[in-house]
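# Observations on chain architecture
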Amino acid sequence: MILRKLILIFAGAGLWACSSHLVVNGNTNKEPVAQTIVSDSSMVSFIKPYKDSLDKRMNEVLAQAEVDFIVQRPASNLMNWVANALYTNQTKTVRLSQPVVCLLNTGGIRSSIGKGNVTLGDIYKVMPFDNTVVWVELPIEVLPEIETYLLKSGGEPMANLSLKEGKLSILSSPENPTHFWVITSDYLMNGGDKMTFFTKRTNVNETGKLLRDVLIEEARIQGKLIYEY
Amino acid sequence: MKRRNFIKNLALSTGSLLIADNLLAETLLPPKSKKLVILHTNDTHSNIDSFPSNHPKFPGMGDVAKRFTLIQKIRSENEHVLLLDSGDIFQGTPYFNTFNGELEMKLMSKLGYDAATMGNHDFDIGLEGFMNAKKHANFPFVCSNYNFSKTVLANETKLYHIFKKGGIKIGVFGIGVELNGLVPKDKYGETLYKDPIETANSMAQLLTDLGCKVIICLSHLGYDYEDKARISDLVLAKETANIHLILGGHTHTFLDKPTVLNNANNQQVLINQVGWAGVNLGRIDIDIDKGILKSSTLEVK
């Protein structure tokens, strides 16, 4: 019995040893499904408790928006709100001899906020990624590089910075600073969106705080989202 | 002597003899059906519900419960099916921020995933976070070029996994993207990165030597880059041997049809990627004698 099996095994192994590399031998086109697929009901009921608890949390109203908050280059109310909320939150108790500005990326604001209730879910949609807040110190000579970047990109969310007639300047600043601090995200500091000027940093302070949590905190404090500063 | 012991051990009881016979028949005898269906996803990014019906790009697409219906149908029509994922399971919806990947792992287990590899976003809650979520997964993670031996993930992932379907051995391994510069250091800790091409070549050779007739690389390198010197699936395909399928991710690439390239030994390699967020399910039909019969991208909507 065992012997017979062993013979079969060897015969089998011999047969299979001669097969060659797989070749593409047929149609490789896209085949869209014509009809709508019906959701599997057991899966829907499995997900439901998670969805319900999530919805309940995400539907919490944090603040009111008196207008639609949108993203639009060169600058818009939502871009201003995000940058100013971060700037305000971070500079409340900080007094430095060097100027402090805030610079983020338009691409990082992932959704708009409609007029009316501003929910936790809205803020998650605006900022889904877990980027953290960092302070980056740059030599003042880097400012023209940021100006070039902004002129090329068409505009990014910023606070305490003004871009007028192609000229970038710091709004509130002590006289003749040698360096300035930029409050931004770890993503941008590490070369995200090709903001290569951050490689010229002279100092970094990582807060470890999520950018999204800062926005949630500020929305609660403001009650009505403030976009004009 | 060794063989005599082997036979003796086999004969210890009728029960073990029966089991052994079945095992032999399963693994070594020519199969009845030589058809194998490979299903795959990539970059699902915690998308569990479908996109809203007014979504500009994917209205009503990408629902996990619909993916399940589709997979069940294909399983009912085919005896030998493998369901694989190429990483970035995490990050993208509040489900992830709220439940820390637990739900994604539970759902993939219910969907019947056979194996997955890790993408860069699967490090987003750190190695311990990933490990906690992975407790809810009933399928292996294959990670061949991340060396986790100095981390909490030591022995938690596999270098490769061999499936046996209808007597055919299918070898699956995973190639991840360089984490330095992409993932914060505190998230990946002491994970060591090994060269993707070298690793892929040694894995594919090993799996060939172990008798695998189909060798699949789950890759999170990305499909292609402007900088052609940068490692991508296209580069990987050309510079390796013995791999049949590269199922990719990372670049969220939608392909009209899979790319077929010649490898270092002038043999064909099929490279595929199916976008992201679970809006598509990739399907590749293989006949072990005739080759790759068909490849299709199935829309989940």
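Here the structure is shown first, and the text comes after it.
Let me sum up the structure you'll find in this document. (Residues numbered from 1 in each chain as written. Chains lettered and ligands numbered in written order. Predicted model: local features only at pLDDT ≥ 70, side-chain atom pairs only at ≥ 80, totals over all residues. Heavy atoms only, no water.)

### A few points about the overall build of chain A
- Within chain A, the regular secondary structure consists of seven helices and 10 strands.
- Put simply, chain A has 229 residues, and 44% of those count as buried.
- Residue pairs at least 24 apart in sequence account for 79% of intrachain contacts in chain A once pairs closer than 6 positions are excluded.
- Summed over its atoms, the accessible surface of chain A is roughly 12000 Å², and 54% of this surface lies on carbon and sulfur atoms. (Helix = DSSP H or I, 4+ residues; strand = E, 2+ residues; numbered from the N terminus. Buried < 20%, exposed > 50% of the residue type's maximum accessible area, 1.4 Å probe, protein only. Contact = heavy atoms within 4.5 Å. Areas by Shrake-Rupley, 256 points an atom, 1.4 Å probe, with all protein chains shown as cover.)

### Some remarks on the packing of aromatic side chains
- This structure, assessed with the given rule, holds 19 aromatic pairs over all chains.
- Centroid distance Phe 123 of chain B to Phe 148 of chain B: 6.2 Å. Interplanar angle 35 degrees. Geometry classified as tilted. Linking Phe 123 of chain B in the loop between strand S3 (115-116) and helix H6 (126-134) with Phe 148 of chain B in the loop between strand S4 (146-147) and strand S5 (160-165), this pair joins segments that are 25 residues apart in sequence.
- Classification of Phe 123 of chain B as buried rests on a relative accessible area of 0%.
- Take Phe 148 of chain B: its relative accessible area is 4%, and that puts it in the buried class.
- For Lys 110 of chain B, the ring lying beneath its charged end belongs to Phe 46 of chain A, and the centroid distance is 4.6 Å. (Phe/Tyr/Trp six-rings, centres within 6.5 Å; stacked < 30°, edge-to-face > 60°. Lys NZ or Arg CZ within 6 Å of the ring centre and 35° of its normal.)

### Things to note about the side chain of Asp 287 of chain B
- Following the sequence through the fold, Asp 287 of chain B ends up in strand S12 (residues 280-287).
- The buried charged residue Asp 287 of chain B lacks any salt bridge, with Lys 290 of chain B as its nearest oppositely charged partner at 4.3 Å.
- Ignoring any residue separated from it by four or fewer positions in sequence, one finds Asp 287 of chain B in contact with Leu 22 of chain A together with Lys 34 and Leu 293 of chain B. (Lys, Arg positive; Asp, Glu negative; His and termini not counted. Salt bridge = Lys/Arg side-chain N within 4 Å of Asp/Glu carboxyl O.)

### Description of the nonpolar core
- Formed by 82 residues in total, the largest nonpolar core has its most connected members in Trp 81, Val 82 and Ile 113 of chain A together with Phe 123, Phe 141 and Leu 281 of chain B.
- If one sorts the elements of this core by residue count, helix H3 (residues 77-91) of chain A sits on top with seven residues.
- Mapping this core onto the domain boundaries places at least three of its residues in each of domain 1 (2-58) and domain 2 (62-222) of chain A.
- Contacts of Ile 113 of chain A, omitting those with residues within four sequence positions, involve Ala 65, Val 67, Asp 68, Phe 69, Leu 78, Val 118, Ile 123, Val 126 and Leu 225 of chain A. (Core = buried A, V, L, I, M, F, W, Y, C linked by side-chain atoms within 4.5 Å. Domains from an automatic or database assignment.)

### A few points about empty space enclosed by the protein
Residues and elements named next belong to chain B.
- One pass over the full model with this rule turns up three cavities of 30 Å³ or more.
- Each pocket or cavity is described by its volume, and for the largest cavity that value is around 90 Å³.
- If you trace the largest cavity, you find it lined by Thr 44, Ser 46, Asn 47, Ile 48, Val 64, Arg 67, Ile 89, Glu 104, Leu 107, Met 108 and Leu 111.
- Contributions of two or more residues to the lining of the largest cavity are made by helix H3 (64-77) and helix H5 (102-111).
- The element that contributes the greatest number of residues to the lining of the largest cavity is H5, accounting for four residues.
- Looking at the lining of the largest cavity residue by residue, the class counts come to six nonpolar, three polar and two charged.
- As for the second largest cavity, its lining consists of 11 residues, and the residues nearest its centre are Lys 34, Lys 35, Leu 36, Lys 165 and Ile 168.
- Secondary-structure elements contributing two or more residues to the lining of the second largest cavity are strand S1 (35-41) and strand S6 (168-175).
- A per-class count over the lining of the second largest cavity returns six nonpolar, two polar and three charged. (1 Å grid on protein atoms, 1.4 Å probe; cavity = no way out; pocket = protein on both sides within 12 Å on 5 of 7 lines; lining within 4 Å. Points joined across faces, edges and corners; volume = space filled by probe spheres on them. Nonpolar A, V, L, I, M, F, W, Y, C, P; charged D, E, K, R; others polar.)

### Some points on the side chain of Thr 259 of chain B
Residue and element names in this part refer to chain B.
- Here Thr 259 lies in strand S10 (residues 259-262).
- Only 2.5 Å separates the side chain of Thr 259 from the side chain of Tyr 223, close enough to count as a polar contact.
- Other than its neighbours up to four places away in sequence, Thr 259 contacts Tyr 223, Leu 234, Val 269, Leu 270 and Ile 271. (Polar contact = N/O pair within 3.5 Å; in protein donor to acceptor, adjacent residues only side chain to side chain.)

### What to know about the layout of surface pockets
All names here are of chain A.
- Space inside the second largest pocket adds up to approximately 420 Å³.
- Together, 20 residues line the second largest pocket, and Ala 75, Asn 80, Met 158, Leu 161 and Ser 162 are the ones closest to its centre.
- Only H3, strand S6 (158-159) and strand S7 (161-164) provide two or more residues apiece to the lining of the second largest pocket.
- Of the residues forming the lining of the second largest pocket, the biggest block, four residues, is contributed by S7.
- Among the residues making up the lining of the second largest pocket, the classes are represented as 11 nonpolar, six polar and three charged.

### Section: unusual backbone geometry
- Between Arg 73 of chain A and the following residue, Pro 74 of chain A, the backbone shows a cis peptide bond with an omega angle of 5 degrees.
- The residue Pro 74 of chain A is located in the loop between strand S2 (61-65) and H3 in this model.
- Not every positive phi belongs to a glycine, and Ala 277 of chain B is a case in point at roughly 65 degrees.
- Here Ala 277 of chain B shows up in the loop between strand S11 (268-272) and S12.

### Observations regarding the sheet that holds strand S8 (residues 214-219) of chain B
All names here are of chain B.
- Taken together, six strands build an open sheet; the order of strands is S5-S6-S8-S9-S11-S10 and the sheet is mixed. Single-partner strands in this sheet number two, and they are S5 and S10. Recorded for the sheet is a direction-independent mean angle of 25 degrees between the axes of neighbouring strands.
- As judged from the six bridges shared by S5 and S6, these two strands associate in the antiparallel manner. Bridge assignment links His 161 to a residue of S6, and that residue is Val 172.
- Contacting S5, S6 and S8, helix H8 (residues 196-209) runs over the sheet at an angle of about 165 degrees to S6. (Pairing = 2+ DSSP bridges. Axes fitted to C-alpha atoms, helices over the stretch in contact; angles between N-to-C directions.)

### With respect to the packing of H3 of chain B against H5 of chain B
Residues and elements named next belong to chain B.
- Packing of H3 against H5 leaves a shortest axis separation of 10 Å and a crossing angle of 25 degrees. As judged from the angle between their axes, H3 and H5 are roughly parallel. The two elements H3 and H5 cross, and the hand of that crossing is right-handed. Note on element contacts: H5 touches H3 through Leu 107, Lys 110 and Leu 111, opposite Val 64, Arg 67, Phe 68, Ile 71 and Arg 75. (Parallel < 35°, antiparallel > 145°, perpendicular 65-115°, else oblique. Left-handed = near helix turned anticlockwise from the far one by under 90°.)

Nothing here speaks to function; it is all geometry.
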